[in-house]
Amino acid sequence: MSAYKIEAGTAQHIGQRPQQNDRVALYTAAQAPGYVMAVLADGNHSPIAADQALLTSKHLFDEFRVGDSANLPRLQELLRSIALEVHQVIKMSPIAAVAEPQSALALLVLTPQAQAVWAHVGDARIYRFAGETCAMRTNDSAYIEHLVNVEQLPAEAAKKHRSSRLLHNVIGNSMKEPFVTVGCHQGLQAGDALMLCSDGLWQLFRPEELAAAVARNTPRQAAERLIGKAGERAQGKGDNCSMAIIKLVAPPPQAPAYTVQQMRRAV
């Protein structure tokens with residue numbers, strides 16, 4: 001079992017956009033005690049796809065059952081299934097024919113065995129911090145490699161996938177199935193932290209800045225300071241800014257078993 005306790009929170013700011021299209025949430029599993037999920041969805045021009053991402057994530061996570069120990073490949077497949085099911089539900093919606101709602105997506109699950117499993121599609125990012133060091137940050141490299149090696153695209157064209165409607169990697173793209181990148185880490189410990197965020201935040205900060213902000217503050221304080229600084233750096237052009245922060249902190253030391261007896265004697 002893990003030798004830490006979890007401090008977590010979510011935060012959002014509309015930036016200078018007309019509406020908030022991001023969605024972010026933290027869930028516990030109905031049939032998997034000790035498991036925690038974080039979901040962040042960054043919608044394009046509406047929150048429709050992001051709302052569906054949260055609904056589907058909660059539904060499938062509540063159905064998830066575990067055995068005596070965590071099965072990392074099975075958890076990765078769960079997250080992949082969530083992303084693909086969100087995509088299919090959006091495509092079946094009548095509104096998709098006219099609005100084509102889309103969303104980037106980041107998913108993270110923590111297990112009681114000190115493991116983290118994640119998946120992402122598109123521009124939403126997942127970070128793992130060890131103290132004030134950024135130990136891992138998701139990116140588009142796996143998708144670019146897929147475009148070059150599997151779909152036989154020239155490297156320069158693959159790197160410009162965000163500017164191509166056909167190649168853009170998002171949930172809800174009617175022209176292309178989402179490419180889901182998965183990963184995992186074992187051996188989490190007190191002092192580590194994980195963060196999911198939309199591009200309205202991560203594009204404005206170096207990874208080590210995010211690591212330091214999370215390490216030196218509670219999740220709420222870190223979110224408030226990062227949102228404030230993001231507003232300054234965006235200079236009136238800020239995008240929707242959303243994040244989920246999970247910190248693993250050492251539990252308070254337990255009082256020795258003889259404390260109560262000593263106090264009674266003192267009385």
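Above this text sits the structure in question.
Residues numbered from 1 in each chain as written. Predicted model: local features only at pLDDT ≥ 70, side-chain atom pairs only at ≥ 80, totals over all residues. Heavy atoms only, no water.

**Some points on unusual backbone geometry**
Turning to step 1, where the next piece is worked out: If you check the backbone angles, Glu100 has positive phi at about 45 degrees while not being a glycine.
Turning to step 2, where the next piece is worked out: With respect to the element layout, Glu100 can be found in the loop between helix 2 (72-92) and strand 4 (103-111).
Turning to step 3, where the next piece is worked out: With phi around 60 degrees, Ala114 is a residue other than glycine that occupies positive phi space.
Turning to step 4, where the next piece is worked out: For Ala114, the position within the fold is in the loop between strand 4 and strand 5 (115-121). (Helix = DSSP H or I, 4+ residues; strand = E, 2+ residues; numbered from the N terminus.)

**Focus: the side chain of Thr138**
Turning to step 1, where the next piece is worked out: Take Thr138: it is sitting in the loop between strand 7 (133-137) and helix 3 (141-149).
Turning to step 2, where the next piece is worked out: By relative accessible area, which is 6% here, Thr138 ends up buried.
Turning to step 3, where the next piece is worked out: Every residue in contact with Thr138, bar those within four places of it in the chain, is listed here: Trp118, His120, Ala124, Arg125 and Ile126. (Buried < 20%, exposed > 50% of the residue type's maximum accessible area, 1.4 Å probe, protein only. Contact = heavy atoms within 4.5 Å.)

**Structural notes on the sheet that holds strand 2 (residues 22-29)**
Turning to step 1, where the next piece is worked out: Spatially, five strands are ordered 2-3-4-5-8 in an open sheet, and the strand pairing comes out antiparallel. Taken across any chain shown, the strands that pair with only one partner, and hence form the sheet edges, are strand 2 and strand 8 (181-186). Sheet twist, expressed as the average angle between the axes of neighbouring strands with direction ignored, equals 10 degrees.
Turning to step 2, where the next piece is worked out: Relative to strand 2, helix 1 (residues 48-63) is tilted by about 5 degrees, and along the sheet it contacts strand 2, strand 3 (32-43) and strand 4. (Pairing = 2+ DSSP bridges. Axes fitted to C-alpha atoms, helices over the stretch in contact; angles between N-to-C directions.)

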